[in-house]
Amino acid sequence: MRPIHSNELAALKTNIYNYIQNKVQQGTKMIAALIDPDKNDERSLSRILPYCEEAKIDFLFIGGSLLVRDRLEFTLDFIKNHSNLPCILFPGSVMQISSKADAILFLSLISGRNPELLIGNHVIAAPYIYEAGLETISTGYMLIHCGNYTTAHYMSGCMPIPSNKYEIAAMTALAGQMLGMKLIYMDGGSGAAHPIEPGMIATVRKIIQIPIVVGGGIRTETQAKQAFEAGADVIVVGNALESSPELLIDLGKLKRSYSSNPVN
Ligand SMILES: CC(C)=CCC/C(C)=C/CC/C(C)=C/CC/C(C)=C/COP(=O)(O)OP(=O)(O)O
Ligand SMILES: O=P(O)(O)OC[C@@H](O)CO
Ligand SMILES: [Mg+2]
């Protein structure tokens, strides 16, 4: 392994996390679009990216619970050639690491009890992330049951938190914060039947101070607004963009309604 030089230590890169913290301090909300490399080709990316730009969303999350087409590098190349939006890896496995991204959500599945997804995969991934020089954002990842069984539930082999058990969600998030995690990601799973209940988000919001990312099943501006009002700092939209990327325009206006600076 190469010797560590402080200016290249990936763990010291904090650009994207600083951006998130600044937005949170300003009371500004953020939007991430989930790009699944399996489901997107030149055509669909060319359709979705202009909406992402026009809506001034904040991030692209790139990943999937299971990738079967080896298109991560292509997807990142294409996005980097057509957009300036930050690309944040949202990895379903250790196979989803690339130096072409700007950062990685270093997910630890704290709602589950699978040691491989709590720390095992992280030991395997650490040297690759280090070599890639990626900003690493320690993320307490919580899967919540939202009406159906999703790919992330199945692939993790972990039971999600029941939708009405707000205290379990709150204590799990609190434990993540106490462990030093930098973000909590509450996920109903891609294609969730309904979004996470606003009451659960609000219960988590009351007990932790770190930023909260919420995703899974958000398909309308009303659902996005409910998540924001309940305390989400970042919302993630994936499936809905496949059929209606124009939704992003309304979501962009919604997030700007929380900002004192209209260019945000
Ligand atoms: C530490 C590293 C690098 C890897 C492990 C990361 C962990 C802990 C993953 C565990 C849980 C998991 C399988 C998360 C996947 C999250 C994800 C990228 C979801 C995107 O949606 P999909 O589940 O692919 O949805 P579709 O079924 O719609 O494709
Ligand atoms: O695809 P959707 O249901 O929008 O979910 C987005 C993301 O939170 C999934 O991990
Ligand atoms: Mg997928």
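Here the residue numbering is sequential within each chain, running from 1 through the sequence in written order. Each chain is given a letter, starting from A, and each ligand a number, starting from 1, according to the order in which they appear as written. Owing to the predicted nature of the model, reporting of local features is limited to residues with pLDDT of at least 70; listing and counting of side-chain atom pairs is limited to 80 or more, with chain, interface and lining totals taken over all residues. The side-chain values count all of the structure's non-hydrogen atoms but skip hydrogen atoms and water molecules.

The protein goes by Geranylgeranylglyceryl phosphate synthase in an unreviewed UniProt entry, where it is assigned to Thermaurantimonas aggregans. UniProt positions are given in the numbering used here, feature names are shortened, and annotations may be inferred rather than shown by experiment. Regarding the protein, the UniProt comment filed under Sequence similarities (unreviewed entry) reads as follows: "Belongs to the GGGP/HepGP synthase family. Group II subfamily." If you open the UniProt record of the protein and go to Catalytic activity (unreviewed entry), you find "sn-glycerol 1-phosphate + (2E,6E,10E)-geranylgeranyl diphosphate = sn-3-O-(geranylgeranyl)glycerol 1-phosphate + diphosphate".

## Things to note about the site of ligand 2
It suffices for a single heavy atom of a residue to lie within 4 Å of a molecule or strand for the residue to be listed as near it. Near ligand 2 there are 14 residues, and of these Asp 187, Ser 190, Gly 191, Gly 217 and Asn 239 occur at the shortest range. Any N or O atom pair separated by 3.5 Å or less is treated as a polar contact, with the protein-specific requirement of one donor-capable and one acceptor-capable atom, and with residues adjacent in sequence counted only for side-chain atom pairs. Side-chain polar atom of Ser 190 to an oxygen atom of ligand 2: 2.6 Å apart, as the coordinates give it. Gly 191 is positioned such that a nitrogen or oxygen atom in its backbone is 2.8 Å from an oxygen atom of ligand 2. For ligand 2, whose unbound accessible area comes to 310 Å², protein coverage reaches 97%. Strands here mean DSSP runs of E at least two residues long; helices mean DSSP runs of H or I at least four residues long; both are numbered from the N terminus. Secondary-structure elements contributing two or more residues to the shell around ligand 2 are β6 (183–187) and β8 (234–237). Partitioning the shell around ligand 2 into residue classes produces five nonpolar, eight polar and one charged. Per-residue and other accessible areas follow the Shrake-Rupley method at a 1.4 Å probe size, with only the shown protein chains counted as cover for residues. Polar here means any residue outside two lists: the nonpolar Ala, Val, Leu, Ile, Met, Phe, Trp, Tyr, Cys and Pro, and the charged Asp, Glu, Lys and Arg; Gly therefore counts as polar.

## Brief notes about the packing of aromatic side chains
Between rings of Phe, Tyr and Trp, where Trp is taken as its six-membered ring, a pair exists when centres lie within 6.5 Å; planes separated by under 30 degrees are stacked, by over 60 edge-to-face, and by other angles tilted. Scanning all chains against the criterion turns up nine aromatic pairs. Centre to centre, the rings of Phe 90 and Tyr 141 are 5.8 Å apart; their planes meet at 80 degrees, and the pair counts as edge-to-face. In this pair, Phe 90 sits in the loop between β3 (87–89) and β4 (103–109) while Tyr 141 sits in strand β5 (residues 135–143), placing the two residues 51 residues apart along the sequence. Both residues of the pair, Phe 90 and Tyr 141, count as buried. Think of it in three bands: residues with accessible area under 20% of the maximum for their type are buried, residues over 50% are exposed, and the middle band is partly exposed, with areas taken using a 1.4 Å probe on protein chains only.

## Describing the sheet that holds strand β7 (residues 212–215)
With respect to topology, eight strands assemble into a closed barrel ordered β1-β2-β3-β4-β5-β6-β7-β8, the strand pairing being parallel. Ignoring which end each strand starts from, the neighbouring axes of this sheet average 30 degrees apart. The sheet contact formed by β5 and β6 spans five bridges and is parallel. The partner of Gly 140 across the bridge, within β6, is Ile 184. Note on pairing: DSSP must find at least two bridges between two strands before they are called paired. Geometry is summarised by axes, namely lines fitted to C-alpha atoms with helices restricted to the contacting stretch, and by angles between N-to-C directions that run from 0 to 180 degrees.

## Focus: the environment of Ser 163
With respect to the secondary-structure elements, Ser 163 resides in the loop between α5 (151–156) and α6 (166–178). Separated by 32 residues in sequence, Ser 163 and Pro 195 have C-alpha atoms that sit 9.8 Å apart. Note on contacts: a residue pair qualifies if any of its non-hydrogen atoms lie within 4.5 Å across the two residues. When residues no more than four places from it in sequence are discounted, the contact partners of Ser 163 are Ile 144, His 145, Glu 197 and Met 200.

## So, the site of ligand 1
In the neighbourhood of ligand 1, 20 residues make up the surrounding shell, with Asp 36, Lys 39, Ser 65, Thr 151 and Ser 190 lying closest. Thr 151 places a polar side-chain atom, nitrogen or oxygen, 2.5 Å from an oxygen atom of ligand 1. Among the elements of the structure, β4, α4 (115–132) and α5 are those that each provide at least two residues to the shell around ligand 1. The leading source of residues in the shell around ligand 1 is α4, at three residues. In terms of residue class, the shell around ligand 1 is built from nine nonpolar, nine polar and two charged.

## As for the pairing of strand β1 (residues 30–35)
By the criterion of burial, β1 is predominantly enclosed, with six of the six residues buried. On β1, burial covers both faces: Met 30, Ala 32 and Leu 34 on one face and Ile 31, Ala 33 and Ile 35 on the other are all buried. Sheet topology note: the β1/β8 ladder contains four bridges and is parallel. Along β8, the bridge assignment pairs Ile 31 with Ile 235. Here β1 pairs with strand β2 (residues 59–62) via four bridges, running parallel. Residue pairing in the sheet places Ile 35 in a bridge with Ile 62 of β2.

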